[in-house]
Amino acid sequence: MFKVLEKSAYSIRSVQMDFLRYLYVRIDRRNRLIAITGPRGTGKTTLLLQLAKKYDSLNQVLYVSLHDLYFTTSALSDLAKRFHKQGGKLLLIDDLHALPTWAEELRRIHLSIDDLQVIVAGATILDLHKQDPDLGRRIAHYPLKELSFREYLHVRHSIKLPVVHWRDVLERDEQVAADLVGDFQPLNYLSEYQKTGAYLYFEGDVLAYHQRVLQDVRRTIQTDLLTVENVDYVNVVRYKKLLHLLAEQGPYRPNVLKLSEQTGLTRNAVVRALQLLEKMQLVHALYADSRGPTILNKPDCLWLRNTNMMFAIARNTNASSLSQTFLLQHLMDATLSVPPVGDLLIDGQYALAFEGKKQAKKSGKKAFDGWTVHPELQRGEGKKLPLWLFGLGY
């Protein structure tokens with residue numbers, strides 16, 4: 001156990017506090033059991049280590065990764081008990097999905113050690129409630145998204161801007177933009193963010209960065225699906241082909257029969273695959289019914305998860321697809337669906353369309369009367385909204 005403690009102390013001492021993800025201040029640390037899930041490259045490990053900094057003594061905090069070979073011969077719950085007996089107060093567990101028996105081990109720790117706080121981090125595909133419904137009810141779950149445009153400006157260019165909720169963009173965008181736009185010219189940074197701003201590992205080489213994005217997508221499909229879901233390897237290969245087909249189409253209304261023919265998956269398996277791709281946070285899936293998916297209904301429209309993935313995977317990108325994907329990845333605390341007219345419906349009442357897309361009036365439907373989102377606008381005017389302003393949502 002000495003080596004585990006030694007590695008933990010080194011990791012915690014080494015972490016920097018100069019940039020904190022948006023989730024750092026949102027986590028209610030009064031909860032005994034907290035779970036953070038998110039895509040690779042979003043800073044889950046760094047966030048765990050930063051949360052450890054509130055303790056003055058490193059003897060009270062232990063950080064472990066379940067990829068550590070230590071756990072091939074030692075039980076996590078046994079380690080937790082030994083750590084607690086030595087005065088431990090906070091146990092940070094990274095890569096939770098790497099342990100097949102994670103739910104059983106967490107339950108043992110939670111029920112047997114009353115005054116030990118446990119914070120775990122793992123893959124987005126982890127279903128905390130499905131694996132153990134009772135344990136799932138006890139866990140405070142916090143999903144971690146990719147870097148927002150606002151966070152990218154901070155970490156990459158040292159430009160600090162306030163969080164602007166999407167409701168404020170709809171209701172008073174002109175005033176908000178006027179307060180922020182001066183010497184700061186947001187459009188000078190938007191294109192760079194769309195190519196390389198969503199993950200923390202960009203180091204100046206665009207090609208190497210996109211290769212890393214592709215590598216993480218492959219690892220998410222291959223490793224996480226095989227580890228967490230009951231998906232055989234043959235279908236994992238088909239899932240990768242399915243994602244590539246979706247990437248080439250841009251915003252896409254899926255034809256399940258055609259996708260079945262192209263991938264070799266059955267029609268029901270295609271629907272299940274689309275739902276798992278969304279669960280892994282590789283795509284956005286929207287439904288005409290805002291209640292979302294059921295077992296067999298397909299999405300009404302699909303987008304890749306973020307614009308960086310579009311540049312890494314797709315051969316062609318266009319301004320409209322980039323704008324729609326940028327907006328979807330930044331909307332927080334909102335229920336999204338496909339409207340009868342327009343491109344996006346927020347909370348069942350706010351209809352948005354994207355500049356440059358013709359809104360056809362369907363038979364028996366009203367003409368579009370919502371907001372239009374413009375990628376080239378710096379400040380809004382009336383119901384014309386600047387796209388970049390949505391990037392300050394978190």
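Whatever comes next refers back to the structure up there.
Only a predicted model underlies this, so the values are computations on that prediction, with no experimental measurement involved. (Residues numbered from 1 in each chain as written. Predicted model: local features only at pLDDT ≥ 70, side-chain atom pairs only at ≥ 80, totals over all residues. Heavy atoms only, no water.)

1. Overview of the sheet that holds strand 2 (residues 61–65)
Phase 1 of the analysis: Spatially, five strands are ordered 2-3-4-1-5 in an open sheet, and the strand pairing comes out parallel. The open sheet terminates on both sides in strands that have one partner only, identified here as strand 2 and strand 5 (140–143). Strand-to-strand twist of the sheet, defined as the mean angle between neighbouring strand axes without regard to direction, takes the value 15°.
Phase 2 of the analysis: In this sheet, strand 3 (residues 90–94) lies alongside strand 2 in parallel orientation, the contact comprising five bridges. Its bridge partner being in strand 3, Ser-65 is matched across the sheet by Asp-94.
Phase 3 of the analysis: Across the sheet, helix 3 (residues 76–85) touches strand 2 and strand 3, and the angle it forms with strand 2 is around 165°. (Pairing = 2+ DSSP bridges. Helix = DSSP H or I, 4+ residues; strand = E, 2+ residues; numbered from the N terminus. Axes fitted to C-alpha atoms, helices over the stretch in contact; angles between N-to-C directions. Contact = heavy atoms within 4.5 Å.)

2. Here's the deal with the pattern of salt bridges
Phase 1 of the analysis: Per the counting criterion, the structure on display carries 19 salt bridges.
Phase 2 of the analysis: Note that Glu-6 and Lys-3 form a salt bridge whose closest N and O atoms lie 3.5 Å from each other. Of this pair, Glu-6 and Lys-3 both sit in helix 1 (residues 2–14), three residues apart, which is roughly one turn of that helix.
Phase 3 of the analysis: With relative accessibility at 38%, the residue Glu-6 sits in the partly exposed group.
Phase 4 of the analysis: The closest approach of N and O atoms between Asp-68 and Lys-7, which form a salt bridge, is 2.6 Å. Note that Asp-68 is positioned in the loop between strand 2 and helix 3 and Lys-7 in helix 1, a separation of 61 residues in sequence. (Salt bridge = Lys/Arg side-chain N within 4 Å of Asp/Glu carboxyl O. Buried < 20%, exposed > 50% of the residue type's maximum accessible area, 1.4 Å probe, protein only.)

3. A closer look at the environment of Lys-384
Phase 1 of the analysis: By the element assignment, Lys-384 lies in strand 12 (residues 384–386).
Phase 2 of the analysis: You can call Lys-384 partly exposed: its relative accessible area is 44%.
Phase 3 of the analysis: Along the sequence, Lys-384 and His-374 sit ten residues apart, while their C-alpha atoms lie 6.8 Å from each other.
Phase 4 of the analysis: Not counting chain neighbours up to four residues away, the residues in contact with Lys-384 comprise Asp-173, Thr-372, His-374 and Leu-377.

4. What to know about the packing of aromatic side chains
Phase 1 of the analysis: Taken as a whole, this structure holds 14 aromatic pairs when the rule is applied.
Phase 2 of the analysis: A ring pair is formed by Phe-149 and Phe-326, whose centres lie 6.1 Å apart and whose planes are at 70°; its orientation type is edge-to-face. Pair noted here: Phe-149 is in helix 7 (residues 149–157) and Phe-326 is in helix 15 (residues 319–330), with a separation of 177 residues, a long-range link. The burial state of Phe-149 is the same as that of Phe-326; both residues are buried.
Phase 3 of the analysis: Plain terms: the ring middles of Tyr-152 and Tyr-193 are 5.3 Å apart, the flat faces sit at 55° to each other, and that makes the pair tilted. Note that Tyr-152 is positioned in helix 7 and Tyr-193 in helix 9 (residues 187–196), a separation of 41 residues in sequence. Here Tyr-152 and Tyr-193 have matching classes, each one buried.
Phase 4 of the analysis: Ring pairing ties together the aromatic residues Phe-149, Tyr-152, Tyr-193 and Phe-326, which thus form one cluster. (Phe/Tyr/Trp six-rings, centres within 6.5 Å; stacked < 30°, edge-to-face > 60°.)

5. Quick word on the pairing of strand 7 (residues 301–304)
Phase 1 of the analysis: Burial along strand 7 is two-sided: the face carrying Cys-301 and Trp-303 and the face carrying Leu-302 and Leu-304 are both buried.
Phase 2 of the analysis: Examined bridge by bridge, strand 6 (residues 283–286) and strand 7 share four bridges and lie antiparallel to one another. Counted as the bridge partner of Val-283 is Leu-304 from strand 7.

6. Side note on the sheet that holds strand 8 (residues 336–337)
Phase 1 of the analysis: The mixed open sheet is built from five strands, whose spatial order is 8-9-10-11-12. With partners counted over all chains shown, the strands left at the sheet margins are strand 8 and strand 12, one partner each.
Phase 2 of the analysis: With two bridges connecting them, strand 8 and strand 9 (residues 344–346) associate as antiparallel partners. Across the sheet, Ser-337 pairs through a bridge with Leu-345, a residue of strand 9.
Phase 3 of the analysis: Sitting on the sheet, helix 8 (residues 166–180) is in contact with strand 9, strand 10 (350–354), strand 11 (371–374) and strand 12, with an inclination near 130° to strand 12.
Phase 4 of the analysis: Against the sheet, helix 15 contacts strand 8, strand 9, strand 10 and strand 11, and its axis sits at roughly 145° relative to strand 10.

7. Thoughts on the packing of helix 11 (residues 233–249) against helix 13 (residues 267–279)
Phase 1 of the analysis: Contact geometry of helix 11 with helix 13 gives a least axis separation of 11 Å together with a crossing angle of 75°. On the basis of their axis angle, the class for helix 11 and helix 13 is roughly perpendicular. Each of Tyr-239, Leu-242, Leu-243 and Leu-246 in helix 11 lies in contact with helix 13, whose residues at this interface are Arg-272, Ala-273, Leu-274, Leu-276 and Leu-277.
Phase 2 of the analysis: Its residues assigned to classes, the contact of helix 11 with helix 13 shows eight nonpolar, no polar and one charged. (Parallel < 35°, antiparallel > 145°, perpendicular 65-115°, else oblique. Nonpolar A, V, L, I, M, F, W, Y, C, P; charged D, E, K, R; others polar.)

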